[in-house]
Amino acid sequence: MAKKSFKKNAQNSLGGIHSVLQNTTKQDSPPTVEEKEEKKRPEVGAKSTPKSPPTKRSQASAKKKEDTPASEKGCKEGDTRKTFIIRKELAEKMQDIAYWEPGKLKDHMNAALEAYVKRKWSRKRPKDA
């Protein structure tokens, strides 16, 4: 009889020898992973709790996020993201400038481009181009 109870306890619980020594049963053992997942899942046909209506602030930020192009997401107001291929020597020199001068590389690139545009260019593209 003792062998049967040992096998029964060993099969029913996850605790191994410790649970056999304490003479525990499956009902006393902690819930299994499957039982935990069943508790998390809502019942079929069960109503979910209603969400609070969105506030004006969240509506405005959601609208703003929808209207912004992908190249401006994550950027500050007035900034955009562009990718340029430049010579390695120029990239190294710009990184050197950013290392030795206060400010970010982005700030130094903006200053360099602004100086070039100010000195070199005055015409705008046509509207349809």
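Residues numbered from 1 in each chain as written. Predicted model: local features only at pLDDT ≥ 70, side-chain atom pairs only at ≥ 80, totals over all residues. Heavy atoms only, no water.

So what's going on with the packing of aromatic side chains? Residues and values would help.
Scanning the entire structure with this criterion turns up one aromatic pair. On the basis of an interplanar angle of 85° and a centroid distance of 4.9 Å, the ring pair of Y99 and W100 is categorised as edge-to-face. For Y99, a relative accessible area of 64% puts it in the exposed group. Relative accessible area serves as the criterion here: at 67%, W100 is assigned to the exposed category. (Phe/Tyr/Trp six-rings, centres within 6.5 Å; stacked < 30°, edge-to-face > 60°. Buried < 20%, exposed > 50% of the residue type's maximum accessible area, 1.4 Å probe, protein only.)

Break down the layout of surface pockets for me, with residues and values.
The space that makes up the largest pocket amounts to roughly 790 Å³. If you go around the largest pocket, you meet 17 residues; those closest to its centre are F84, K106, M109, N110 and L113. Across the lining of the largest pocket, the residue classes tally to eleven nonpolar, two polar and four charged. (1 Å grid on protein atoms, 1.4 Å probe; cavity = no way out; pocket = protein on both sides within 12 Å on 5 of 7 lines; lining within 4 Å. Points joined across faces, edges and corners; volume = space filled by probe spheres on them. Nonpolar A, V, L, I, M, F, W, Y, C, P; charged D, E, K, R; others polar.)

Explain the packing of helix α5 (residues 88–100) against helix α6 (residues 105–120) to me, and be specific about the residues and the numbers.
Where α5 contacts α6, the two axes come as close as 9 Å, and the packing angle between them is 120°. Note on packing geometry: the crossing formed by α5 with α6 is right-handed. Contact residues: M94, Q95, I97 and A98 in α5; L105, H108, M109 and A112 in α6. (Axes fitted to C-alpha atoms, helices over the stretch in contact; angles between N-to-C directions. Helix = DSSP H or I, 4+ residues; strand = E, 2+ residues; numbered from the N terminus. Left-handed = near helix turned anticlockwise from the far one by under 90°. Contact = heavy atoms within 4.5 Å.)

If you had to explain the pattern of salt bridges to someone new, which residues and values would you point to?
Scanning all chains against the criterion turns up two salt bridges. The shortest N-O distance in the salt bridge between R87 and E89 comes to 3.4 Å. Here R87 falls in the exposed class, since its relative accessible area comes to 53%. (Salt bridge = Lys/Arg side-chain N within 4 Å of Asp/Glu carboxyl O.)

Please give an account of the confidence of the model for the protein that cites residues and values.
Per-residue confidence for the protein averages 75 on the pLDDT scale, and 53% of its residues sit at or above 70. The weakest mean pLDDT in the protein belongs to helix α1 (residues 2–12) at 55; the strongest belongs to α5 at 95. (pLDDT = per-residue confidence, 0-100.)

Which residues make up a nonpolar patch on the surface, and what are the values?
Among the surface-exposed residues, F84, I86 and L90 lie close enough to one another that they form a single nonpolar patch of about 320 Å² accessible area. Within the secondary structure, I86 sits in the loop between α4 (56–67) and α5. You can call I86 partly exposed: its relative accessible area is 46%. (Patch = residues over 30% accessible without salt bridge, like charges linked within 9 Å, V, L, I, M, F, W, Y side chains within 5 Å. Areas by Shrake-Rupley, 256 points an atom, 1.4 Å probe, with all protein chains shown as cover.)

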